Amino acid sequence: MDYKGSSVYDNADFFYNYLLRRNRADSPNNIIEKPVIYDLMGDVLGKKVLDLGCGDARFGYELLEQGCNFYEGVEGSSNMVKAAKELLNTSKSEIHHATMESWNYPKENYDLVISRLAIHYLQDLEPIFDSIRSALIPNGQFIFSVQHPVLTSSMKSATTSERKSDWIVDNYFEMGKRMEPWIGESVVKYHRTFEEYFQSLKHVGFKIEDIRECKPNPQFFNSEGEYKRRMRIPLFLVFKCIK
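Here we summarise the structure given alongside this text.

About the criteria used
Per-chain numbering applies: the sequence of each chain, read as written, is numbered from 1 onward. Per-residue local features are limited, in this predicted model, to residues with pLDDT of at least 70; the limit for side-chain atom pairs, both in listing and counting, is 80 or more; totals at the level of whole chains, interfaces and linings are taken over all residues. Side-chain measures were taken over the full set of non-hydrogen atoms in the model, leaving aside hydrogen atoms and water. In this description a helix means any DSSP run of H or I spanning at least four residues, a strand means any run of E spanning at least two, and both kinds are numbered starting from the N terminus. Categorising residues by exposure relies on relative accessible area from a 1.4 Å probe, with only protein chains included: less than 20% of the type maximum marks a residue as buried, more than 50% marks it as exposed, and the intermediate range marks it as partly exposed. Counted as a polar contact is a pair of N or O atoms within 3.5 Å, where, for protein atoms, one must be capable of donating a hydrogen and the other of accepting one, and residues adjacent in sequence contribute only when both atoms are in side chains. We call two residues contacting when some pair of their heavy atoms lies within 4.5 Å. When DSSP locates at least two bridges between a pair of strands, those strands are taken to pair. Inter-axis angles, ranging from 0 to 180 degrees, are taken between N-to-C directions of lines fitted to C-alpha atoms, where helices are fitted over the stretch in contact. How far a helix is expected to stretch is found by multiplying one less than its residue total by 1.5 Å. A residue's bend is given by the angle between axes fitted to the 7 residues ending at it and the 7 residues starting at it. Take the buried Ala, Val, Leu, Ile, Met, Phe, Trp, Tyr and Cys residues and link them wherever side-chain atoms come within 4.5 Å; each set so joined is a nonpolar core. Here is how to tell: hold the view so the strands point away, follow the path from the first strand over the helix to the second, and if it runs clockwise the crossover is right-handed. A side-chain nitrogen of Lys or Arg and a carboxyl oxygen of Asp or Glu constitute a salt bridge if their distance falls within 4 Å.

### Things to note about the side chain of Arg116
Its location among the elements puts Arg116 in strand E5 (residues 110-116). A relative accessible area of 12% means that Arg116 is categorised as buried. In this structure the side chain of Arg116 is engaged in a polar contact, spanning 2.4 Å, whose partner is the side chain of Glu33.

### Regarding the environment of Gly55
Mapped onto the fold, Gly55 is located in the loop between strand E2 (48-52) and helix H3 (58-65). For Gly55, a relative accessible area of 12% corresponds to the buried category. Each C-alpha atom, one on Gly55 and one on Tyr9, is 9.1 Å from the other, the two residues being 46 residues apart in sequence. Those residues in contact with Gly55 that sit more than four places away from it in its chain are Glu75, Met80 and Ala84.

### A closer look at the sheet that holds strand E3 (residues 70-75)
Across the sheet, 7 strands lie side by side as E4-E3-E2-E5-E6-E10-E9; this open sheet has mixed pairing. The outermost strands of the open sheet, each flanked by one partner alone, are strand E4 (93-97) and strand E9 (207-212). Averaged over all pairs of adjacent strands, the angle between strand axes in this sheet comes to 15°, irrespective of strand direction. The strands touched by H3 are E2, E3, E4 and E5; relative to E3, the strand with the most contacts, the crossing angle is about 170°. The sheet contacts of helix H4 (residues 78-87) involve E3 and E4, and relative to E4 the element is tilted by about 165°.

### With respect to helix H2 (residues 28-41)
A rise of 1.5 Å per residue sets the reference length of H2, with its 14 residues, at 20 Å; its end C-alpha atoms lie 19 Å apart and thus fit the reference within 8%. Along H2, the largest kink reaches about 40° and is centred on Lys34; proline Pro35 follows within four residues of it. Among the 14 residues of H2, 11 are classified as buried, and the element is accordingly described as predominantly covered. Residues of H2 that are buried include every one of Pro28, Asn29, Asn30, Ile31, Ile32, Glu33, Lys34, Val36, Ile37, Leu40 and Met41, and no others. Once H2 finishes, Gly42 follows within two positions and takes phi at roughly 70°, a positive value.

### A closer look at the sheet that holds strand E1 (residues 2-3)
The sheet built from 3 strands is open, its strands ordered E1-E8-E7 with mixed pairing. The strands lining the two open edges of the sheet, one partner per strand, are E1 and strand E7 (176-182). Across 7 bridges, the pairing between E7 and strand E8 (residues 185-191) is antiparallel. Opposite Lys177, over in E8, you have Tyr190 as the bridge partner.

### Some points on the nonpolar core
Counting 32 residues, the largest nonpolar core has Met41, Leu63, Tyr71, Ile95 and Ile143 as its most contacted members. Secondary structure elements with two or more residues in this core: H2, H3, H4, E5 and strand E10 (236-242). Among the elements that take part in this core, H2 stands out by supplying 6 residues, more than any other. Leu50, Ala118, Leu201 and Val204 belong to the second-largest nonpolar core, a separate cluster that totals 28 residues.

### As for the pairing of strand E6 (residues 136-147)
Within E6, 9 of the 12 residues are buried, leaving the element largely enclosed by the surrounding structure. The pairing of E5 with E6 spans 6 bridges and is classified as parallel. Across the sheet, residue Leu112 finds its bridge partner in E6, namely Gln141. In this region the chain leaves E5, passes through helix H5 (residues 126-135) and returns to the parallel neighbour E6; the handedness of that crossover is right-handed. Across 7 bridges, E6 lies against E10 in antiparallel orientation. Looking at the pairing, Phe144 lines up with Phe239 of E10.

### Observations concerning the pattern of salt bridges
Scanning all chains against the criterion turns up 13 salt bridges. Among the salt bridges present, the one from Arg229 reaches Glu226, with a minimum N-O distance of 3.6 Å. Taken together, the positions of Arg229 and Glu226, both in helix H8 (residues 224-230) and 3 residues apart, correspond to about one turn of that helix. Each member of the pair, Arg229 as well as Glu226, is classed as buried.

Read these as layout, nothing more, since geometry by itself doesn't imply function.
What follows is the structure, encoded as structure tokens:
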């Protein structure tokens, strides 16, 4: 079975195994991608935040602890929504069970829109980017991460093994659907070039303020071998955009 979007997280075994991997202290999300997100995001004190593809909302919990005024999450997986609502038992948050494509975006409502490693599941980007822009207040920020295009163009190298030793980049300029074996399942993602992300953001009117490829920082690694391995290929691509 090929899973699209967030549907894979409603597979009970996958959901359990994913959370074990995602929430370990040394996961690439935590030691490579998240520090960059925080660096670009800056102070969230008093801000209203929308998190698209919020998962179990652990990130939202952190933002509320840092003084975020209100946190909203949009998530398509019922398992993730349940976990998020159990975690965020506060009047300063709200979790919506919806996909990014189907959710009704309010106009000029958020200081900051975040999406971490979810947008590469979308088939059509520009309508979502346009909706996000309209949901931001003037000069509001949109920060999102995706799987790096080098990875989404090297699916031939993907296996169910947790440790790959080589990545073969192929068909880089042929954008579209890719199948990735992941934690024992087959998941649909969409490959786009670096240029395509940039042009889509520009076309809907965003100003691209910063772009990061998440170069690993040795201070976050306990293993020199793992640090050297992660220096071989970029895993993440992050954009910071201004309305």
